[in-house]
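# Notes for the structure review
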Amino acid sequence: MKYLKYTMALFVCAFALTSIGVSASQYTISNITIPAIKGTWISPQKDKSTSSIQRVKKTRCTDNVSGDGRVIIGRTYSMLAPSGFSSWIEVPYSYNNWGSENSYMGSFKLNLQSNKNLPTAATFSGVWSY
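None of the values given here were measured: they were computed from a predicted structure. (Residues numbered from 1 in each chain as written. Predicted model: local features only at pLDDT ≥ 70, side-chain atom pairs only at ≥ 80, totals over all residues. Heavy atoms only, no water.)

### Remarks on the overall build of the chain
Helix and strand counts for the chain stand at one helix and nine strands. Going from the N terminus to the C terminus, the chain shows its helices and strands as α-β-β-β-β-β-β-β-β-β. Per-residue burial over the chain gives 37% buried out of 130 residues. If you take every contact in the chain between residues at least 6 apart in sequence, the share linking residues at least 24 apart comes to 77%. Counting only carbon and sulfur atoms, one obtains 59% of the accessible surface of the chain, whose full area is about 7,700 Å². (Helix = DSSP H or I, 4+ residues; strand = E, 2+ residues; numbered from the N terminus. Buried < 20%, exposed > 50% of the residue type's maximum accessible area, 1.4 Å probe, protein only. Contact = heavy atoms within 4.5 Å. Areas by Shrake-Rupley, 256 points an atom, 1.4 Å probe, with all protein chains shown as cover.)

Have a look at this one:
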């Protein structure tokens, strides 16, 4: 009976440790300026310590002159791997991701730009989960 208790306790501990997930880090982007005429905003370098899928969403984005909403696209850039840039994706109000592109561990930067070639800048806020 003594060994059964130890075996059960060990099983419970092993199960608890395997069910703990590693969550991705998040970078909150607040009121940054997306440059006009397809200019690109580049984030600071972030170190990714998990093999999770990177994703991004906007919480607000408005044209600096008209105040209208703005469609923003984004891509990630791997600082270490030869693959470099991921594909451009639209940044919606709900999370969008790049799938397996740049899902490995390493150092990354986020690039954001307006979807259209517009003569005015925009103010953007959102979240990048890496």
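### Focus on the confidence of the model for the chain
The predicted model of the chain averages 87 in pLDDT, with 82% of residues at 70 or higher. Note on residues 13–22: pLDDT is under 50 here. Beyond four places in sequence and across chains, it has one contact. (pLDDT = per-residue confidence, 0-100.)

### What to know about the packing of aromatic side chains
Counted according to the given criterion, the structure contains four aromatic pairs. Measuring from ring centre to ring centre gives 6.4 Å for tyrosine 27 and tryptophan 128, while their planes differ by 90°; the resulting arrangement is edge-to-face. Of this pair, tyrosine 27 sits in strand β1 (residues 26–34) while tryptophan 128 sits in strand β9 (residues 122–129), and the two are 101 residues apart along the sequence. Aromatic side chains tyrosine 104 and phenylalanine 108 sit 5.7 Å apart centroid to centroid with 45° between the ring planes, which places their arrangement in the tilted category. The exposure class assigned to phenylalanine 108 is buried, which follows from its relative accessible area of 0%. Cluster of aromatic residues (ring-pair linked, three or more members): Tyr27, Trp128 and Tyr130. One residue, lysine 58, lies across the ring of tyrosine 93, its end atom 4.9 Å from the ring centre. A cation over an aromatic ring shows up here: arginine 75 above the ring of phenylalanine 85, its NZ or CZ 3.6 Å from the ring centre. (Phe/Tyr/Trp six-rings, centres within 6.5 Å; stacked < 30°, edge-to-face > 60°. Lys NZ or Arg CZ within 6 Å of the ring centre and 35° of its normal.)

### Some words on unusual backbone geometry
Phi angles above zero are rare outside glycine, and lysine 38 is one such case at about 60°. One can find lysine 38 in the loop between β1 and β2 (41–42). At asparagine 102, a residue that is not glycine, the phi angle is positive and equals roughly 55°. Inspection of the secondary structure puts asparagine 102 in the loop between β7 (96–97) and β8 (106–114). Judged by relative accessible area, which is 5%, asparagine 102 ranks as buried.

### Some points on the nonpolar core
Ile29, Ile34, Leu112, Phe124 and Trp128 are the most contacted members of the largest nonpolar core, which has 18 residues in total. When residues of this core are traced back to their parent elements, those giving at least two are β1, β4 (55–63), β8 and β9. Looking at this core, the element that brings in the most residues is β1, giving four residues. (Core = buried A, V, L, I, M, F, W, Y, C linked by side-chain atoms within 4.5 Å.)

### Some details on the sheet that holds β4
If you walk across this open sheet you meet the four strands as β1-β9-β4-β7, and the pairing is antiparallel. The open sheet terminates on both sides in strands that have one partner only, identified here as β1 and β7. Examined bridge by bridge, β4 and β7 share two bridges and lie antiparallel to one another. Counted as the bridge partner of arginine 55 is asparagine 97 from β7. (Pairing = 2+ DSSP bridges.)

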